[in-house]
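The primary structure of each chain is shown beneath.
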Amino acid sequence: SIILFPYIYHTDTMRWSTVLFTGMFCFTFMTYTRILRGSSLSISRYQLIIKYLIYAYTIVLIIQQICVLTEIPIFNVSNYNSLNPWKLNSLTSEPSHSAVYISVLMYSFIITRESQLKQNYNLIKHFSHDALIWFCFLWTMLTMISGTAYVYLFIFSLKFISRKKIISSLILVFLIFIILSKFNINPLNRAIDTTFAVAKFDTKEIIKIDRNAAYRIVPSLVAFKTIDLGTIDGWFGKGVDYMKYDLINQIP
């Protein structure tokens with residue numbers, strides 16, 4: 001579908017390099033899964049890799065924070081704004097990317113621990129055993145000063161909500177975030193406001209609140225609101241780069 005539909009319906013915008021790169025990504029992923037299934041990688045070894053990666057993100061972030069504190073050139077810095085000096089990227093190109101990767105890594109760690117324990121991960125019971133990895137995870141997520149980090153931290157926390165107590169747990173999580181918002185943490189407040197704007201499908205409000213988040217969220221909302229299943233384009237897309245150029249009309 002990725003190869004044929006753009007070529008058939010939008011030949012004028014077809015770009016083979018883009019399509020073939022996407023195909024390479026898919027084949028690489030399939031190759032990886034086949035190799036992984038046939039490998040001797042154990043859960044404990046996999047966990048060790050995850051731990052080392054999270055430790056690396058945390059160590060680099062702390063080094064960057066020390067650099068900011070001592071006013072020396074910041075190590076491995078990228079997309080830095082001196083007006084927001086504590087918003088630091090760690091090992092990726094920007095803080096929001098680090099937040100996503102660390103969240104996925106920590107989630108992987110938790111579900112593999114559950115596989116070892118043969119039971120659901122209990123924060124009260126098992127936290128002390130994994131204290132260091134939890135410290136690194138929370139330190140990085142809370143101090144990189146990224147709105148995305150707070151959003152993913154909320155999503156991650158849903159993992160620990162039991163089905164029996166889902167309503168009370170959700171209320172507790174929301175109360176925690178409301179209390180934190182009173183401390184006037186700008187990225188957190190921005191993330192909360194953006195979440196409410198997304199829930200209302202208010203693209204103009206999202207753009208007004210957080211331009212960076214808007215570039216990630218608004219295109220999908222616009223596509224969802226403008227989809228027309230009564231047309232060919234509604235089923236098979238509008239060609240390569242359509243949303244890229246249409247963004248000019250959606251985000252000033």
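Each value, and the rule that gives it
Residues numbered from 1 in each chain as written. Predicted model: local features only at pLDDT ≥ 70, side-chain atom pairs only at ≥ 80, totals over all residues. Heavy atoms only, no water. Helix = DSSP H or I, 4+ residues; strand = E, 2+ residues; numbered from the N terminus. Buried < 20%, exposed > 50% of the residue type's maximum accessible area, 1.4 Å probe, protein only. Contact = heavy atoms within 4.5 Å. Areas by Shrake-Rupley, 256 points an atom, 1.4 Å probe, with all protein chains shown as cover. Lys, Arg positive; Asp, Glu negative; His and termini not counted. Charge placed at Lys NZ, Arg CZ, Asp CG, Glu CD. Phe/Tyr/Trp six-rings, centres within 6.5 Å; stacked < 30°, edge-to-face > 60°. Salt bridge = Lys/Arg side-chain N within 4 Å of Asp/Glu carboxyl O. Axes fitted to C-alpha atoms, helices over the stretch in contact; angles between N-to-C directions. Parallel < 35°, antiparallel > 145°, perpendicular 65-115°, else oblique. Left-handed = near helix turned anticlockwise from the far one by under 90°. Nonpolar A, V, L, I, M, F, W, Y, C, P; charged D, E, K, R; others polar. Core = buried A, V, L, I, M, F, W, Y, C linked by side-chain atoms within 4.5 Å.

Engineer: When you look at the overall build of the protein in this model, what are you seeing that I'm missing?
Structural biologist: The helix and strand inventory of the protein stands at 13 helices and zero strands. In terms of overall dimensions, the protein has C-alpha extents of about 60 × 50 × 50 Å along its principal axes. In the protein, which comprises 252 residues, the proportion classed as buried is 33%. Sequence separation of at least 24 residues holds for 54% of the intrachain contacts in the protein that already meet a minimum separation of 6. Accessible area for the protein stands at about 16,500 Å²; split by element, carbon and sulfur atoms hold 66% of it. Where the 23 positive side-chain charges of the protein centre and where its 13 negative ones centre are 12 Å apart.

Engineer: Even after reading the chapter, I still don't get the packing of aromatic side chains, so can you show me in this structure?
Structural biologist: Both the distance between ring centres and the angle between the ring planes are used here to describe each pair of aromatic rings. For the coordinates displayed, the defined rule picks out 14 aromatic pairs. Look at phenylalanine 5 and tyrosine 9: their rings are 6.3 Å apart centre to centre, the planes differ by 35°, and that puts the pair in the tilted class. Taken together, the residues phenylalanine 5 and tyrosine 9, both in helix α1 (residues 4-9) and four residues apart, mark about one turn of the helix. With relative accessibility at 26%, the residue phenylalanine 5 sits in the partly exposed group. The class for tyrosine 9 is partly exposed, based on a relative accessible area of 36%. Arranged with centres 4.2 Å apart and planes meeting at 40°, the rings of phenylalanine 5 and phenylalanine 236 form a pair that is tilted.

Engineer: Could you clarify how one ought to interpret the pattern of salt bridges in this entry?
Structural biologist: In a structure, side chains of opposite charge can pair up when their charged atoms sit close to one another. One pass over the structure, following the stated rule, counts five salt bridges. Among the ionic pairs, aspartate 241 bridges to arginine 15, the shortest N-O distance being 2.7 Å. Taken together, the positions of aspartate 241 in the loop between α12 (232-236) and α13 (242-250) and arginine 15 in the loop between α1 and α2 (16-38) put the pair 226 residues apart, joining distant regions of the chain. Across the salt bridge formed by glutamate 94 and arginine 216, the nearest N and O atoms sit 2.6 Å from each other. With glutamate 94 in the loop between α3 (43-70) and α4 (95-117) and arginine 216 in helix α11 (residues 211-226), this pair connects stretches of sequence that are 122 residues apart.

Engineer: How do you make sense of the packing of α4 against helix α6 (residues 131-143) when you look at a structure like this?
Structural biologist: For any two helices packed against each other, the geometry is given by the interaxial angle and the distance between the axes. Running from N to C, α4 and α6 point in directions that differ by 155°, and their axes come no closer than 10 Å. Relative to α6, the element α4 is oriented roughly antiparallel. Helix-helix and strand crossings are classified by hand; for α4 and α6 the assignment is left-handed. Across the interface between the two elements, Ala99, Ile102, Ser103, Met106, Phe109 and Ile110 from α4 touch Ile133, Trp134, Phe137, Thr140 and Met141 from α6. When its residues are assigned to classes, the contact of α4 with α6 shows nine nonpolar, two polar and no charged.

Engineer: Got a minute to help me understand the packing of α4 against helix α7 (residues 147-157) in this structure?
Structural biologist: Relative orientation of the contacting elements α4 and α7 amounts to 20°, with a least axis distance of 8 Å. What the angle tells us is that α4 and α7 run roughly parallel. As for the relative orientation of α4 and α7, their crossing is right-handed in sense. Across the interface between the two elements, Ser96, Ala99, Val100, Ser103, Met106, Tyr107 and Ile110 of α4 pack against Thr148, Ala149, Tyr152 and Phe156 of α7.

Engineer: Where do I start with the nonpolar core in this structure?
Structural biologist: Within soluble globular proteins, side chains that are nonpolar tend to cluster in buried spots. The biggest cluster of nonpolar side chains holds 25 residues, and the ones touching the most others in it are Ile54, Met106, Ile110, Ile133, Trp134, Phe137 and Met141. Elements represented by at least two residues in this core include exactly α3, α4, α6 and α7. Sort the elements by how many residues they give to this core and α3 lands first, with seven residues. Grouped together as the second largest cluster of nonpolar side chains are nine residues, Ala197, Ala214, Leu221 and Ile251 included.

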